[in-house]
Amino acid sequence: MLADQIILTGIHYLGTPYVFNAPSNRSDIFDCSSFTQYIFGLNGIPLPRNSRQQFLVGVPISFSQIRRGDLLFFSTKKRKDKKGLSKIGHVGIYIGNGYMIHTYRPENKVMISEIDSWMESFIGAKRVIK
């Protein structure tokens with residue numbers, strides 16, 4: 001299944017350093033959206049470069065419908081008071097059982113996190129795997 005392959009690809013990069021605004025097509029450093037763009041791209045699904053652009057693609061789904069491989073979008077402390085698309089500041093990939101794989105500034109690396117700790121800033125989910 002493609003979702004499993006995408007997740008395995010992401011797991012391969014666990015521990016890769018986080019660098020804000022990391023360039024596309026690099027696998028030695030990532031920010032949240034370059035990470036999703038890179039690993040989906042390796043699996044034949046092109047994504048735009050940043051999380052706000054990525055939120056514009058795919059099929060919107062409710063949180064109760066999320067499946068492995070879906071993109072999860074969140075606000076951040078810097079963006080929580082913004083409106084609309086500008087509120088989005090983070091993206092991760094749902095890997096099942098209440099966890100996502102992503103990379104984020106405070107921890108500074110690709111990691112797996114419980115999504116419960118992110119739910120107060122949850123904005124939406126998108127399915128980009130056909």
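The sections below set out a description of the structure shown in this document.

### Things to note about the pattern of salt bridges
A side chain of one charge can pair with a side chain of the opposite charge when the charged atoms of the two come close.
Next up, step 1: Using the criterion set out here, one finds five salt bridges in the structure.
Next up, step 2: One salt bridge in this structure joins R68 and D4, with 2.7 Å as the shortest N-O distance. Of this pair, R68 sits in the loop between β1 (59-61) and β2 (71-74) while D4 is found in helix α1 (residues 2-12), placing the two residues 64 residues apart along the sequence.
Next up, step 3: Close ionic contact of D70 with R127 constitutes a salt bridge, the shortest N to O distance being 2.9 Å.

### Some details on the packing of aromatic side chains
Next up, step 1: Considering all chains together, one arrives at nine aromatic pairs under this definition.
Next up, step 2: When the ring of Y13 is compared with that of F30, the centres are 5.6 Å apart and the planes differ by 85 degrees; the resulting orientation is edge-to-face. Taken together, the residues span a long stretch of sequence, with Y13 in the loop between α1 and α2 (32-42) and F30 in the loop between α1 and α2 at a distance of 17 residues. Each member of the pair, Y13 together with F30, is buried.
Next up, step 3: Residues Y13 and Y38 carry aromatic rings whose centres are separated by 5.7 Å and whose planes lie at 90 degrees to one another, so their mutual orientation is edge-to-face. Residue Y13 is located in the loop between α1 and α2, and its partner Y38 is located in helix α2; the two are separated by 25 residues in the primary sequence. A single burial state applies to Y13 and to Y38, both of which are buried.
Next up, step 4: Members of the aromatic cluster, joined through ring pairs, are F63, F74, Y104, W118 and F122.

### Describing the sheet that holds strand β3 (residues 90-96)
Next up, step 1: Pairing in this open sheet of six strands is antiparallel, and the strands run β1-β6-β2-β3-β4-β5 from one edge to the other. Whereas interior strands pair on both sides, the edge strands pair on one side only; in this sheet they are β1 and β5 (109-114). Strand-to-strand twist in this sheet, taken as the mean axis angle between neighbours without regard to direction, amounts to 35 degrees.
Next up, step 2: Where β2 lies against β3, four bridges are found, and the strand directions are antiparallel. Considered in β3, the bridge of L71 is made with I93.

### Quick word on the side chain of R49
Next up, step 1: Locating R49 in the fold gives a position in the loop between α2 and α3 (51-54).
Next up, step 2: A distance of 2.7 Å separates polar atoms of two side chains, one belonging to R49 and the other to S33.
Next up, step 3: Setting aside anything within four residues of it in sequence, one finds R49 in contact with N21, A22, S24, D31, S33, S34, Q37 and Q54.

### Comments concerning α1
Because an α-helix completes one turn every 3.6 residues, residues spaced three or four positions apart along the sequence face the same direction.
Next up, step 1: Turning to α1, its buried residues are A3, I6, I7, T9 and G10. End-on view of α1: buried residues confined to an arc of 155 degrees, all on one side of the axis. Opposite its buried face, α1 presents the exposed residues L8 and H12, each directed more than 90 degrees away.
Next up, step 2: Along its buried surface, α1 packs onto α2, β3, β4 (99-104) and β5.

Parameters and conventions
- Residues numbered from 1 in each chain as written.
- Predicted model: local features only at pLDDT ≥ 70, side-chain atom pairs only at ≥ 80, totals over all residues.
- Heavy atoms only, no water.
- Salt bridge = Lys/Arg side-chain N within 4 Å of Asp/Glu carboxyl O.
- Helix = DSSP H or I, 4+ residues; strand = E, 2+ residues; numbered from the N terminus.
- Phe/Tyr/Trp six-rings, centres within 6.5 Å; stacked < 30°, edge-to-face > 60°.
- Buried < 20%, exposed > 50% of the residue type's maximum accessible area, 1.4 Å probe, protein only.
- Pairing = 2+ DSSP bridges.
- Axes fitted to C-alpha atoms, helices over the stretch in contact; angles between N-to-C directions.
- Polar contact = N/O pair within 3.5 Å; in protein donor to acceptor, adjacent residues only side chain to side chain.
- Contact = heavy atoms within 4.5 Å.
- Arc of directions from axis to C-beta.

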